[in-house]
Amino acid sequence: EDQVTQSPEALRLQEGESSSLNCSYTVSGLRGLFWYRQDPGKGPEFLFTLYSAGEEKEKERLKATLTKKESFLHITAPKPEDSATYLCAVQGTSGTYKYIFGTGTRLKVLA
Amino acid sequence: DTAVSQTPKYLVTQMGNDKSIKCEQNLGHDTMYWYKQDSKKFLKIMFSYNNKELIINETVPNRFSPKSPDKAHLNLHINSLELGDSAVYFCASSQGPGTGDGEQYFGPGTRLTVT
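These lines cover the structure that appears in this document, whether it is placed above or below. (Residues numbered from 1 in each chain as written. Chains lettered and ligands numbered in written order. Predicted model: local features only at pLDDT ≥ 70, side-chain atom pairs only at ≥ 80, totals over all residues. Heavy atoms only, no water.)

What follows covers the overall build of chain A. When helices and strands are tallied, chain A shows zero helices and eleven strands. For chain A, the sequential pattern of α-helices and β-strands runs β-β-β-β-β-β-β-β-β-β-β. Here chain A has a C-alpha radius of gyration of 14 Å; the compact-globule value for 111 residues is 13 Å, and the two agree. When the backbone C-alpha atoms are referred to their principal axes, chain A occupies close to 45 × 30 × 20 Å. Counting every position in chain A, which comprises 111 residues, the buried fraction comes to 47%. Counting only contacts in chain A whose residues sit at least 6 apart along the sequence, the fraction spanning at least 24 positions is 55%. In the structure as shown, chain A presents an accessible area of about 5,400 Å², 48% of it carried by carbon and sulfur atoms. Each charge class in chain A was averaged separately, 14 positive and 14 negative side chains, and the resulting centres sit 2 Å apart. (Helix = DSSP H or I, 4+ residues; strand = E, 2+ residues; numbered from the N terminus. Rg over C-alpha atoms; globule rule 2.2 N^0.38 Å. Buried < 20%, exposed > 50% of the residue type's maximum accessible area, 1.4 Å probe, protein only. Contact = heavy atoms within 4.5 Å. Areas by Shrake-Rupley, 256 points an atom, 1.4 Å probe, with all protein chains shown as cover. Lys, Arg positive; Asp, Glu negative; His and termini not counted. Charge placed at Lys NZ, Arg CZ, Asp CG, Glu CD.)

A separate point is the overall build of chain B. The helix and strand tally for chain B stands at zero helices and eleven strands. Radius of gyration (C-alpha) of chain B: 13 Å, near the 13 Å computed for a compact globule of 115 residues. Considered along the principal axes of its C-alpha atoms, chain B spans approximately 40 × 30 × 30 Å. Every one of the 115 residues in chain B was classed for burial, and the buried ones make up 43%.

What follows concerns the interface of chain A and chain B. Contacts between the two partners involve 20 residues from chain A, matched on the other side by 26 residues from chain B. Summed over the three residues of chain A that lose the most area to chain B, namely K98, Y99 and F101 of chain A, the buried surface amounts to 30% of that side. Summed over the shared surface of chain A and chain B, the result is one salt bridge. A salt bridge links E58 of chain B to K98 of chain A; the shortest N-O distance between them is 2.9 Å. In this structure, the connection of chain A to chain B is made through four residue pairs in polar contact (both at pLDDT 80 or more). At the level of elements, β4 (30–38), β5 (45–50), β9 (84–92) and β10 (99–101) of chain A are the ones that each hand at least two residues to the side of chain A that touches chain B. Looking at which element gives the most residues to the side of chain A that touches chain B, the answer is β4 of chain A, with four residues. Split into classes, the residues belonging to the side of chain A that touches chain B amount to nine nonpolar, eight polar and three charged. (Buried area = accessible area lost by both parts, 1.4 Å probe. Salt bridge = Lys/Arg side-chain N within 4 Å of Asp/Glu carboxyl O. Polar contact = N/O pair within 3.5 Å; in protein donor to acceptor, adjacent residues only side chain to side chain. Nonpolar A, V, L, I, M, F, W, Y, C, P; charged D, E, K, R; others polar.)

Turning our attention to the state of the cysteines. Residue and element names in this part refer to chain A. Per the stated rule, a full pass over the model turns up two disulfides over all chains. The residue that forms a disulfide with C23 is C88, at a sulfur-sulfur distance of 1.9 Å. Its torsion about the S-S bond being -60 degrees, the disulfide of C23 and C88 is classed as left-handed. Highlighted residues: C23 in strand β3 (residues 19–26) and C88 in strand β9, separated in sequence by 65 residues. (Disulfide = S-S within 2.5 Å.)

That's the geometry; what it means functionally is another story.
As structure tokens, this is what we get:
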């Protein structure tokens, strides 16, 4: 069964303190791995799609990478406005192409 | 312009009542989804429609009935509401199942509270 596990569950960083969030997955054929950001009281906001191992994507202070078993979201020199819950999801190639979400990492960046 | 909109934003109702949530997307996407997010923030898919056809129907009580009048709209009707139905319900859309660029765009959510 397709599965996504995110770690850590919560992370507190000082402003400027770089770190990484992990998304481990098992899927029968990866169609895509997706990263989203969710602010309190809002819907998830799309950040990145990764399709194959070795792929990397960047946006401002965020960089997503992908291996055959996991993805990392690297946050470089974070700012307080980066505080949010970061969700990872995978879409497999079998069946109905449904998306499986992880439980997210709650990131708090302190000024 | 709001890409994916939902109404209402908040819904407070009593057990046993019937309620509906509406969703509209103006992105021209073919596929729409309903998700339930529980108190632990876990997003679980409930239903998905592709061009008005039901393609994903997860293990959801049959008190929940989706309806897609056209590919830009997906509504969720819930009969005989129970306390355990309290959650945030998100609508989302994407270009289509099995296509590239499968990122989803989410609505703002509807917080349902059953008392």
